[in-house]
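# Close look at the chain arrangement
These are the residues of each chain, in order.
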Amino acid sequence: MNIVVLSGAGLSAESGLGTFRDADGLWTKYDLSQVATPEGFAQNPALVHDFYNARRANMVAAAPHAAHSALARLAGRAGITLVTQNIDDLLERAGAQGVIHMHGELARALCNACGHRWDAPAKMAPADPCPACAAQATRPDVVWFGEIPYAMEVIEARLAECDLFVSIGTSGEVYPAAGFVAAARQLGARTLELNLEASGAIFDEVRVGPASEVVPTWVDEVLAK
Ligand code: NAD
């Protein structure tokens with residue numbers, strides 16, 4: 001069976017990494033247009049680096065929980081595709097390989113001048129030179145609003161082939177990821193949502209509960225088949 005799993009901020013909430021749109025989410029404390037757009041970065045790169053440096057420090061201090069570990073048990077099996085909107089590395093630290101980070105990764109840096117990518121240091125700053133071309137144009141390797149998410153061709157191909165689409169801990173408000181469930185349904189897949197609160201999007205089945213509980217239960221069911 002081909003399964004595509006899409007995860008969002010809710011997957012990492014119980015590790016202490018804030019979600020974006022919940023009542024106490026990150027966007028209630030920061031202005032999205034300042035810290036998560038190319039225009040905001042052009043205007044004040046130091047502020048944007050500070051924001052992501054803080055996110056990176058939180059990530060390093062956090063630990064994966066039972067849902068990350070359960071998904072790591074699925075990853076790498078034939079027919080399984082893990083796509084995440086999360087920029088943290090908790091799936092990898094739980095042992096998952098081959099995760100598609102459609103919104104990039106906090107652990108990586110990108111040169112705006114030459115496109116080179118490398119492991120991000122704990123703290124990035126506007127004057128950091130690119131290790132490949134020396135331009136002082138380094139940025140976190142994350143996809144900002146207004147930019148095209150990574151690996152869309154691969155994701156669309158996997159959605160077209162999947163028998164089951166599973167959405168974990170995402171509010172379904174950020175496109176194109178929010179459109180994956182409708183695309184999968186249209187292409188004939190069964191759809192399942194695992195979330196603390198139902199997103200309201202149309203799924204064949206919705207299981208409500210914290211990721212640390214509902215995800216391991218579902219993974220055990222899949223592995224038992
Ligand atoms: P969102 O903040 O819009 O929605 C959070 C979702 O998580 C909600 O549906 C909520 O019901 C659910 N949730 C909260 N606690 C949960 C729990 N314990 N178990 C299961 N579900 C839980 O998040 P989103 O839909 O991923 O938003 C999209 C954007 O937010 C993405 O671009 C993503 O990159 C970014 N983001 C990433 C991180 C991270 O990397 N950890 C953190 C915050 C935001």
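What counts as what
- Residues numbered from 1 in each chain as written.
- Predicted model: local features only at pLDDT ≥ 70, side-chain atom pairs only at ≥ 80, totals over all residues.
- Heavy atoms only, no water.
- Helix = DSSP H or I, 4+ residues; strand = E, 2+ residues; numbered from the N terminus.
- Buried < 20%, exposed > 50% of the residue type's maximum accessible area, 1.4 Å probe, protein only.
- Lys, Arg positive; Asp, Glu negative; His and termini not counted.
- Salt bridge = Lys/Arg side-chain N within 4 Å of Asp/Glu carboxyl O.
- Contact = heavy atoms within 4.5 Å.
- Pairing = 2+ DSSP bridges.
- Right-handed = clockwise from strand over helix to strand, strands pointing away.
- Core = buried A, V, L, I, M, F, W, Y, C linked by side-chain atoms within 4.5 Å.

### A look at the side chain of Arg-56
Considering the arrangement of structural elements, one finds Arg-56 in helix α4 (residues 45-61). Among buried charged residues, Arg-56 stands out as having no salt bridge; its nearest opposite-charge side chain is Asp-128, 8.0 Å away. Once residues lying within four places of it in the same chain are set aside, the contact partners of Arg-56 are Leu-106, Ala-120, Pro-121, Ala-122, Lys-123, Met-124 and Pro-140.

### Topic: the pattern of salt bridges
This structure, assessed with the given rule, holds 9 salt bridges. One salt bridge connects Asp-220 with Arg-73, and the closest N-O pair in it is separated by 3.1 Å. Remark: Arg-73 occurs in helix α5 (residues 66-74) and Asp-220 occurs in helix α9 (residues 211-224); sequence separation between them is 147 residues. Of the charged contacts, one joins Arg-108 and Asp-119 as a salt bridge, the two residues approaching to 2.8 Å between their closest N and O atoms.

### Digging into the pairing of strand β8 (residues 190-195)
Burial of β8 is extensive: 5 of the 6 residues sit out of reach of the surface. Bridge count between strand β7 (residues 164-168) and β8: 5 bridges; the pairing is parallel. Bridging across to β8, Leu-164 finds its partner in Arg-190. Taken together, β7, helix α8 (residues 180-186) and β8 constitute a β-α-β crossover, and its handedness is right-handed. For β8 and strand β9 (residues 205-208), the ladder comprises 4 bridges, and the chain directions are parallel. Bridge assignment links Leu-192 to a residue of β9, and that residue is Glu-205.

### Quick notes on the environment of His-49
Mapped onto the fold, His-49 is located in helix α4. For the pair His-49 and Arg-139, spaced 90 residues apart in sequence, the C-alpha separation works out to 7.5 Å.

### Notes on the nonpolar core
Core analysis: the biggest nonpolar cluster contains 25 residues, and Leu-71, Val-166, Val-215 and Trp-218 have the highest contact counts within it. If you list the elements that add at least two residues to this core, you get β1 (3-7), α5, β2 (80-84), β7, β8 and α9. Ranked by the residues each element gives to this core, the list is headed by α9, at 6 residues. Excluding residues within four positions of it along the chain, Trp-218 makes contact with Ile-3, Val-5, Leu-71, Leu-74, Leu-164, Val-166, Leu-192, Leu-194 and Arg-207. Ile-100, Met-152, Ile-155 and Phe-165 belong to the second-largest nonpolar core, a separate cluster that totals 16 residues.

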